[in-house]
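# Structure assessment
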Amino acid sequence: MHDCWQTLYNVKAEIRPPSGAEHCRTGSLCSLEVSITRLSDLLEVDRDDALMQSDEYFSTKLLYEVVDNSSNWAVCGKSSGVIAMPVAAQATHRVHMEVMPLFAGYLPLPDVRLFKYLPHHSAHSSQLDAGKDSAR
């Protein structure tokens, strides 16, 4: 048996300098826009506890995280969240936040991670809770 993989989302991150400035400068707040675009309509893989149906369309919950493990950027404010994403080709959700460059030069962008968000009562969500008991 072989697995069949398909890309479901395109994630694009863009950083813009403050209004009136040409570049982001060390210590100045810049705008980060993350665009998440669905690439296909409803698939079998979408049929799980995260799938919701309203009158007009199906949607699924996604968890996004913006992290910078290289410490080039300070992510200001809320760096993660849960969004309701329509399950339709080309549906796009945009998230805005502020970031601050900590060094001069051309810096790599912070990582944007995207996960399917499963409700806590789901049997599949146990993987997400695996680290809680180890701190005791």
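Higher on the page you've got the structure.
In this report, we go over the structure that sits alongside the text. (Residues numbered from 1 in each chain as written. Predicted model: local features only at pLDDT ≥ 70, side-chain atom pairs only at ≥ 80, totals over all residues. Heavy atoms only, no water.)

## Section: the overall build of the protein chain
Formally: Strands here are runs of E lasting at least two residues and helices are runs of H or I lasting at least four, both read from the DSSP assignment and numbered beginning at the N terminus. Throughout, exposure labels follow a simple rule: accessible area from a 1.4 Å probe, protein chains only, divided by the maximum for the residue type, with under 20% read as buried, over 50% as exposed, and the rest as partly exposed. A contact between two residues is defined here by any heavy atoms of the two lying within 4.5 Å.
Secondary structure summary: the protein chain contains zero helices and eight strands in total. Listing the helices and strands of the protein chain from first to last along the sequence gives β-β-β-β-β-β-β-β. Counting over 136 residues, the protein chain shows a buried share of 29%. Considering only residue pairs separated by 6 or more positions, the protein chain has 71% of its internal contacts joining residues 24 or more positions apart.

## Describing the nonpolar core
Quick reminder of the rule: Among the buried residues, those of types Ala, Val, Leu, Ile, Met, Phe, Trp, Tyr and Cys that are joined through side-chain atoms within 4.5 Å form a nonpolar core.
Within the largest apolar cluster, 18 residues are counted, with the highest numbers of intra-cluster contacts made by Leu32, Ile36 and Met85. Examining the composition of this core, we find that four residues originate from one element, strand E2 (residues 30-38), more than from any other. Ignoring any residue separated from it by four or fewer positions in sequence, one finds Met85 in contact with Tyr9, Ile36, Thr37, Arg38, Phe58, Ser59, Thr60, Leu62, Ala91, Thr92 and His93.

## A short note on the environment of Pro110
Here Pro110 lies in the loop between strand E7 (92-101) and strand E8 (111-116). By relative accessible area, Pro110 is classed as buried at 6%. In this structure the C-alpha to C-alpha distance between Pro110 and Asn69, which are 41 residues apart in sequence, comes to 7.8 Å. Ignoring anything within four residues of it in the chain, the contact list for Pro110 reads Ile15, Val66, Val67, Asp68 and Trp73.

## Looking at unusual backbone geometry
Backbone geometry places Ser71, a non-glycine residue, at a positive phi of 60°. Of note, Ser71 is situated in the loop between strand E4 (58-67) and strand E5 (73-76). With a relative accessible area of 44%, Ser71 lands in the partly exposed category.

## Some details on the layout of surface pockets
To be explicit about the condition: A 1.4 Å probe that fits into a set of points on a 1 Å grid over the protein atoms alone but cannot get out defines a cavity; an open set with protein on both sides within 12 Å along at least five of seven lines defines a pocket, and lining residues are those with an atom within 4 Å of a point. Grid points are joined across faces, edges and corners, and a volume is the space filled by probe spheres set on the points. Each residue gets one label: Ala, Val, Leu, Ile, Met, Phe, Trp, Tyr, Cys and Pro are nonpolar, Asp, Glu, Lys and Arg are charged, and the others, such as Gly, are polar.
Its boundaries defined by the atoms lining it, the largest pocket holds a volume of some 460 Å³. Taken together, 13 residues line the largest pocket, and the ones lying closest to its centre are Cys4, Trp5, Gln6, Leu8 and Val45. If one sorts the elements of the lining of the largest pocket by residue count, E8 sits on top with three residues. Of the residues in the lining of the largest pocket, the class split is nine nonpolar, two polar and two charged. Considering only enclosed or pocket space, the second largest pocket measures out at about 340 Å³ in volume. What lines the second largest pocket is a set of 15 residues, among which His23, Cys24, Trp73, Gly105 and Tyr106 lie closest to the centre. For the lining of the second largest pocket, the per-class residue count stands at 10 nonpolar, three polar and two charged.

## With respect to the pairing of E2
To keep things clear, this is the line we draw: Should DSSP find at least two bridges between two strands, the strands are regarded as paired.
In terms of burial, E2 is largely enclosed, as eight of its nine residues are buried. Sheet analysis places strand E1 (residues 9-16) next to E2, joined by eight bridges and oriented antiparallel. By the bridge assignment for E2, Lys12 is matched with Ser35. Across eight bridges, E2 lies against E7 in antiparallel orientation. Paired with Ser35 across the two strands is Arg94, which belongs to E7.

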